[in-house]
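# Observations on the model geometry
What follows is each chain in one-letter form.
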Amino acid sequence: MSLSNNMSVFTTKIKTLPDLAKNYYFNVIFEYEPTSRLAQIIGTDDFIIRAKTASLPQKQFSELSTEYLGSKIVYPGKATVANTFEVTFDEHQDMYISQAIHRWQNLLFNQSFQNDIDASGITGGAASNYLTDYCANVTVCLFDSSLRTKLPIEYKFYYVWPHDLASVTLGMEQQEKIQRSVTFQYSTFEAVATGE
């Protein structure tokens, strides 16, 4: 193949496409009812600035098939979503993420014993029977390279709660920062047009 053929990519439609979406221009925003017990426990926006990685939702379909005259035809079946997404947070010396997620999980079911972190007077397992009291809604929004404009869609997760807080290995010979990886469970999600 000649050099001129290799350069033909610069005269094709690719030159008129928007810039590539970068995977590091994003925010993860947690929202919950301001009067909920969850707001009493973790009522700040620190989650936004500490989130370092996040995952976008997954949807897949089962398959239905039929055969006729020796040919097989495959149809889309039931749609399912993963119902989990992961966020990794930088931990700072205030230990905010570790404390907030621990208290949030205690709100779901309190496993505290003796000198556990005070959870603002919330004691006993399942301190509330209402989703809005212990769940958040989470928005993952993406930005363009100027960081002024949101990309055309953002992902909204509904009825979110922390399913799994991964352990962290400490070590005298290590030199990395502490990061907390949290897998969140959600009931449903939607891709919403940002209108910008």
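Here, every reference points to the structure presented above.
This write-up is about the structure you can find in this document. (Residues numbered from 1 in each chain as written. Predicted model: local features only at pLDDT ≥ 70, side-chain atom pairs only at ≥ 80, totals over all residues. Heavy atoms only, no water.)

## What about a nonpolar patch on the surface?
Rules: Residues with no salt bridge and a relative accessible area higher than 30% make up the patches, which join like charges within 9 Å and nonpolar side chains (Val, Leu, Ile, Met, Phe, Trp, Tyr) within 5 Å. Per-residue and other accessible areas were derived by the Shrake-Rupley procedure at a 1.4 Å probe size, with only the shown protein chains allowed to occlude residues. Here a salt bridge means any side-chain nitrogen of Lys or Arg lying within 4 Å of a carboxyl oxygen belonging to Asp or Glu. Labels follow the DSSP assignment, with helices taken as runs of H or I lasting at least four residues and strands as runs of E lasting at least two, numbered in each case from the N terminus.
A cluster of nonpolar side chains, namely Leu64, Ile73 and Tyr75, defines an oily patch on the protein surface of about 300 Å² accessible area. Looking at where Tyr75 falls in the secondary structure, it is placed in strand β4 (residues 71-81).

## Quick notes on the pattern of salt bridges
This is how it is decided: Partly exposed describes any residue whose relative accessible area lies between the buried limit of under 20% and the exposed limit of over 50%, with all areas from a 1.4 Å probe on protein chains only and scaled to the type maximum.
A complete count under the given rule lists eight salt bridges for this structure. Notably, a salt bridge pairs Asp19 with Lys22, separated by 2.6 Å at the nearest N-O pair. By relative accessible area, Asp19 is classed as exposed at 57%. With a relative accessible area of 23%, Lys22 lands in the partly exposed category. The partner of Lys177 in a salt bridge is Asp90, with the nearest N and O atoms 3.1 Å apart. One end of the pair, Lys177, is in the loop between β7 (150-165) and β8 (179-185); the other, Asp90, is in strand β5 (residues 84-90), with 87 residues separating them in the sequence. Under the relative-accessibility criterion, Asp90 is labelled buried at 11%. Linked through salt bridges whose partners overlap, the residues forming this network are Asp46, Arg50 and Asp94.

## With respect to the packing of aromatic side chains
Stated precisely, the cut-off is as follows: The criterion for an aromatic pair is that two Phe, Tyr or Trp rings (for Trp, the six-membered ring) have centres within 6.5 Å, with stacked assigned to planes under 30 degrees apart, edge-to-face to planes over 60 apart and tilted to the rest.
If you walk through the whole model with that rule in mind, you get 14 aromatic pairs. Between the aromatic rings of Phe47 and Tyr96, the centroid separation amounts to 5.6 Å while the plane-to-plane angle is 65 degrees, which identifies the pairing as edge-to-face. Linking Phe47 in helix α3 (residues 46-50) with Tyr96 in helix α4 (residues 96-108), this pair joins segments that are 49 residues apart in sequence. Note on Tyr96: relative accessible area 11%, which makes it buried. Ring geometry for Tyr186 against Phe189: centres 6.3 Å apart, planes inclined by 85 degrees, an arrangement best described as edge-to-face. Judged by relative accessible area, Phe189 falls into the buried class, the value being 17%.

## As for α4
Stated precisely, the cut-off is as follows: To estimate the expected span of a helix, subtract one from its residue number and multiply by 1.5 Å.
The end-to-end C-alpha distance of α4 is 18 Å, a good match for the 18 Å that 13 residues give at a rise of 1.5 Å each. Within α4, the full set of buried residues consists of Tyr96, Ile97, Ser98, Ala100, Ile101, Arg103, Trp104, Asn106 and Leu107.

## Some remarks on the pairing of β5
Stated precisely, the cut-off is as follows: Strand pairing requires that DSSP identify at least two bridges connecting the strands.
Summarising burial for β5: five of the seven residues are buried, a large majority. Pairing geometry for strand β2 (residues 51-54) and β5, over three bridges, is antiparallel. Along β5, the bridge assignment pairs Ala54 with Val87. In the sheet, β5 pairs with β8 via seven bridges, with the strands oriented antiparallel. Residue Thr88 lies in a different strand from β8, and its bridge partner there is Ser181.

## Some details on the side chain of Thr139
What counts, and what does not: Any pair of N or O atoms that falls within 3.5 Å is considered a polar contact. Within protein, one atom must be able to donate a hydrogen and the other to accept it, and sequence-neighbouring residues count only if both atoms are side-chain atoms. Between two residues, a contact is recorded if the distance between any of their heavy atoms is within 4.5 Å.
Along the chain, the position of Thr139 falls in strand β6 (residues 136-143). On the basis of relative accessibility, which here comes to 5%, the residue Thr139 falls in the buried class. Within polar-contact distance, the side chain of Thr139 engages the side chain of Lys156 at 3.2 Å. Residues contacting Thr139, with those up to four places away along its chain left out, are Asn27, Val28, Ile29, Glu31, Glu154, Tyr155 and Lys156.

## Thoughts on the nonpolar core
Put simply, the test is: In these notes, a set of buried Ala, Val, Leu, Ile, Met, Phe, Trp, Tyr and Cys residues joined through side-chain atoms within 4.5 Å is what counts as a nonpolar core.
Core analysis: the largest hydrophobic core is formed by 32 residues, its most contacted members being Phe30, Ile42, Phe47, Phe89, Phe157 and Phe184. Counting residues per element, this core draws most heavily on α4, which supplies six residues. Residues in contact with Phe47, not counting those within four places in the same chain, are Val28, Phe30, Ile42, Phe89, Tyr96, Ile97, Ala100 and Ile101.

## A word on unusual backbone geometry
Residues other than glycine seldom take positive phi values, yet Met95 does so here, at roughly 55 degrees. Note that Met95 resides in the loop between β5 and α4. Located in the positive-phi region is Leu147, a residue other than glycine, with phi close to 60 degrees. Tracing the sequence through the fold places Leu147 in the loop between β6 and β7. Looking at Leu147, the relative accessible area reads 51%, which means it is exposed.

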